[in-house]
Structures are given as C-alpha cells and as structure tokens.
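Okay, here's what each chain looks like letter by letter:
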Amino acid sequence: MTEIRHLLDPQDFSVEELEKLFSLAEKIIEGEEKFRNVCDGKILATLFYEPSTRTRFSFEAAMLRLGGRVIGFSEPGSSSVMKGESIPDTIRTVGSYVDIIAMRHPKEGAPRYASYYSPVPLINAGDGGHQHPTQTLTDLFTIRQTKGQFSNLTIGLCGDLKFGRTVHSLIKAMSRYENIKFILISPDELKVPDYIKTEILDRNSIEYLEVERLEEVIHYLDILYMTRVQKERFFNEADYIRLKDSYILDKEKLKLAKKDLAILHPLPRVNEISYEVDNDPRAKYFQQVKYGMYARMALILKLLGVM
Amino acid sequence: MLYIDSIVRGIVIDHIKPGYGFSIFKYLGLDKADFTVALIMNAPSRKYGRKDLIKIENNIDLDLTMLGFIDPNITVNIIEDEKIVEKINLSLPEKVEGIIQCKNPRCITSTERSIIHRFILIDKDKGIYKCEYCDQIYSWEG
C-alpha cells in the first residue's frame, strides 16, 4: 500500500514536484473539458472550523469542476465539534465517508494533528496564523503563469510583512529558485521577522533590501505582492498617518513601474490597491484567484492519485 | 572530601550539571526508593569544576531520552561487581514526547484533550527544539 500523501506545509513539495503540479494545472486550463469527469464518484470534505468563504469556495469549485462531489461544514457551530468531539474522532469518521479532506482550523498545527489519524489525503486550508499552503501554491502558480519562470526575478513585498503568513511562505518558497532578489517594503513596526532574514535569506545568500516607501523602489520590481496594513498594528497614530499612503498602490505610483510588472494580492483587499488599478493589465490579483482554483484542481488530482 | 561507599551493582549518574541533581533524583522517584541511593551535590569535577551525581545500588529502568533532555552532558555508568561495565554518554534527543508543554496559546495542543506534546530538535549546538504542530521554538537553555 502506498503511503497517503498530505499537504500540510508549503515546503512539503519539492521544486520538481511543484513543477509537475503546475504543468498539470496548466493542462487543465488548456483543456478543461478533458478533466470534467476525472473525479467522478469521488468526494471532498471541506471541514472549516472557522469561516473562510473564499478558500472554501475555491476548493469546492475545484472538486465540482473535476466531476467530484463535496460535503462539509463551514463553521463548527453546525457540527459535532460543538458537542466536544476531538479532532481524531472527527477525522476518522469523515475519512470513512470521503476520498480527500480540506481542513481549515483556527488553531496552529491542527491539520498536522488531524493528518496522523486521517485514512485519506488531507490538505491544510489554513491553520490560524501558521500556514496556508494552497495560498502559496496559488501565488507560485500565478508567478509562473504571468512571468513564465521562477528565476531571475526581483520581488517586492509590500505592507504587513511581520504578521503576514502568506508573505513568509512566499519568501521561503521563492528562495528555492535561482537569482531571486527581494525588496521588503514596510513600516519599521511591520518588518519581516529576523528569523526569516537569518534562516532563509542570509542562509541562502539571497539579496534583499528593506525600505519604507514603495515609490522609491517600484521601478525595480518584476512582481509586487501587496498586503493589507492595518491601523491597529501601528504603535502610534502619527506613524500611521505618516506612512499609510506609502502602502497604497495607485495609478500615480504605477506610472513609475515596469511595463511588465505583475501585481499580486492574496485578497481580500481593503484600500491598499486603489480600484483605478484594477483595469491596468499589470493587475493580476483576480487572475490569481482563478489560478488558485486551477492549482487546487491539480492538487486534488495529485493527492488522489488520479493523475 | 565526603566519602560514600562504592556500589556493588547498580547505576551511577555522573557529570550532572550542579543544581540539577535534585530534580533528576525526584524525577526518577528515588526519594521513595527502598534501596540504597545517594545524591551528591557540588562534588569537585576535573571536567566541569563542580558536578552533581547520583549513586543507585540497584538496576532500575532509566528513561535516557528524558535524562539526555534534562542534561546532555550526563554520563550513566552501569556497575557490576564494583566495576563499570558500561558507560553511556547522553546527548540531546532528536524528539521529546510528553516532557515539555508548548506555550503557544494558539497551538492545537492547547485545546485537544489527548494530544501528546512533541518537540523536534532543530539545532543540536544551541539546544533548540520546535513544536511539531505549531513550530513554536523551545530553547533548552531557556
């Protein structure tokens, strides 16, 4: 019997495995009709212990487009979890009904714990502030599709780089490719944690620059990954007022950027990207959402062993 | 120098960091032993200056993982007929289960009832472990 494969951490897949996954996702985009029934008779369970409509819909749409079916809950209040059922019991039970599980949980490490008891492949669909590997797959696949490569890129990460788990995962993931440079754009209070700099960037001899203002560096960038800056993360009002406009991408700032820049955002956005940017061909964040679904389709196929 | 008889058959836990002897003594349940035991604190040591050591006149089962985690510099000597027949040098264990608790309130270990707290050694030189579930760092030296 082959070992069950899960996706718990963005680093679970090697660069080679990721490439296979992304070429499959690309094949799906090129000929979706060929994949419409490949999961006929298969069931995905979406176990969402905290609401996340966006991620849940992406998983469910992915499975439905492959011809599979979906069961699950979108908040623990409507399930036996409220009666105090443990994760192992829930997973063993649900695992008896379905072929694959996508699990979101507010507690860090819950999907890893669940995977020890799961009789079927389990995907971490986000565990608190810890990991969100399918967001990383989404980001990587978007980079691949818009830039055609993973190497020789200058990537700007802008906004909250301290608490943003998607930013940390993306740095780790992109550090595995050649000739990558990072420009880290954030207020002092929201800089990338030291361990990312020492253990990932310095250890892999990756060039990086830390700046406070987007307009100073936007012309260098091949990719701009925007995140939300929340007022409550600042220590004082004065700093927030001084810096808040530096983290809003608008047409004026975009005038300084390269013609082939790709703008990404994990969404939802609040005001960090002006609506006027949406129609610019460099805005890729809605395409990113679609790429996320295709990446999840490919992931489901891989973990089920269908492809 | 304080003189304590050598033992005929049993175990000597040597090179314990000064101050740790008593907690190991308690952890091994030696305070309730019905055989001869000795806890020696602050004995002179050529290697470390001072050391604690425990002499046990009996063969008991030792959890070497736990001992290695408390103090990786410990040496365990197995004694037969007043002679050392085996010398075990401990080291930090690769994995520790159910010994330390994850302090991250957002970790799944904080809510699941029967979960075993498990830490993985990630830096042998600095004695750094991480929680298997949430990656929270635990430093052996505190």
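Residues numbered from 1 in each chain as written. Chains lettered and ligands numbered in written order. Predicted model: local features only at pLDDT ≥ 70, side-chain atom pairs only at ≥ 80, totals over all residues. Heavy atoms only, no water.

Brief notes about the overall build of chain B
Okay, step 1: Within chain B, the regular secondary structure consists of two helices and nine strands.
Okay, step 2: Shown N-terminal to C-terminal, the secondary structure of chain B runs as helices and strands in the order β-α-β-β-α-β-β-β-β-β-β.
Okay, step 3: Projected onto its principal axes, the C-alpha positions of chain B cover 50 × 30 × 25 Å.
Okay, step 4: When each of the 142 residues of chain B is scored for burial, the buried share is 43%.
Okay, step 5: Here the contacts in chain B between residues at least 6 apart in sequence split such that 54% fall between residues at least 24 apart.
Okay, step 6: When the accessible area of chain B is evaluated, it comes to approximately 8400 Å², of which 49% is carbon and sulfur surface.
Okay, step 7: The average position of the 19 basic charges and that of the 21 acidic charges among the side chains of chain B differ by 5 Å. (Helix = DSSP H or I, 4+ residues; strand = E, 2+ residues; numbered from the N terminus. Buried < 20%, exposed > 50% of the residue type's maximum accessible area, 1.4 Å probe, protein only. Contact = heavy atoms within 4.5 Å. Areas by Shrake-Rupley, 256 points an atom, 1.4 Å probe, with all protein chains shown as cover. Lys, Arg positive; Asp, Glu negative; His and termini not counted. Charge placed at Lys NZ, Arg CZ, Asp CG, Glu CD.)

So, the interface of chain A and chain B
Okay, step 1: Counting from both sides, the interface comprises 15 residues of chain A and, opposite them, 16 residues of chain B.
Okay, step 2: In total, about 1200 Å² of surface goes out of reach between chain A and chain B, with carbon and sulfur atoms giving 46% of it.
Okay, step 3: Considering only the side of chain A, the residues that lose the most area to chain B are Lys107, Glu108 and Tyr113 of chain A, jointly responsible for 51% of the buried surface there.
Okay, step 4: Our count for the contact surface shared by chain A and chain B stands at eleven residue pairs in polar contact (both at pLDDT 80 or more).
Okay, step 5: In terms of residue count, helix α4 (residues 110-115) of chain A provides more of the side of chain A that touches chain B than any other element does, three residues in total.
Okay, step 6: Among the residues making up the side of chain A that touches chain B, the classes are represented as six nonpolar, six polar and three charged. (Buried area = accessible area lost by both parts, 1.4 Å probe. Polar contact = N/O pair within 3.5 Å; in protein donor to acceptor, adjacent residues only side chain to side chain. Nonpolar A, V, L, I, M, F, W, Y, C, P; charged D, E, K, R; others polar.)

Points about the confidence of the model for chain B
Okay, step 1: For chain B, the mean per-residue pLDDT works out to 90, and 95% of the residues sit at or above 70.
Okay, step 2: For this predicted complex, the interface confidence comes out at an ipTM of 0.88, alongside a pTM of 0.88. (pLDDT = per-residue confidence, 0-100.)

Regarding unusual backbone geometry
All names here are of chain A.
Okay, step 1: Cis geometry is adopted by the peptide bond preceding Pro268, which originates at Leu267 and carries an omega value of 0°.
Okay, step 2: Locating Pro268 in the fold gives a position in the loop between β9 (262-264) and α10 (285-304).
Okay, step 3: Backbone geometry at Asn152 places phi at a positive 55°, although glycine is not the residue there.
Okay, step 4: Its location among the elements puts Asn152 in the loop between α5 (133-147) and β5 (153-158).
Okay, step 5: You can call Asn152 partly exposed: its relative accessible area is 47%.
Okay, step 6: Its identity is not glycine, yet Asn179 carries a phi of approximately 50°, on the positive side.
Okay, step 7: Relative to the elements of secondary structure, Asn179 occurs in the loop between α6 (165-174) and β6 (180-185).
Okay, step 8: On the basis of relative accessibility, which here comes to 48%, the residue Asn179 falls in the partly exposed class.

A few points about the sheet that holds strand β7 (residues 207-211) of chain A
Residues and elements named next belong to chain A.
Okay, step 1: As summarised here, the arrangement of the five strands in space is β7-β6-β5-β8-β9, forming an open sheet in which the pairing is parallel. Unpaired on one side and paired on the other, β7 and β9 mark the two borders of the sheet. Between one strand and the next, the sheet's axes are offset by a mean angle of 15°, whatever the strand orientation.
Okay, step 2: Bridge count between β5 and strand β8 (residues 223-226): four bridges; the pairing is parallel. Pairing of Gly156 across the sheet is with Leu224, part of β8. (Pairing = 2+ DSSP bridges. Axes fitted to C-alpha atoms, helices over the stretch in contact; angles between N-to-C directions.)

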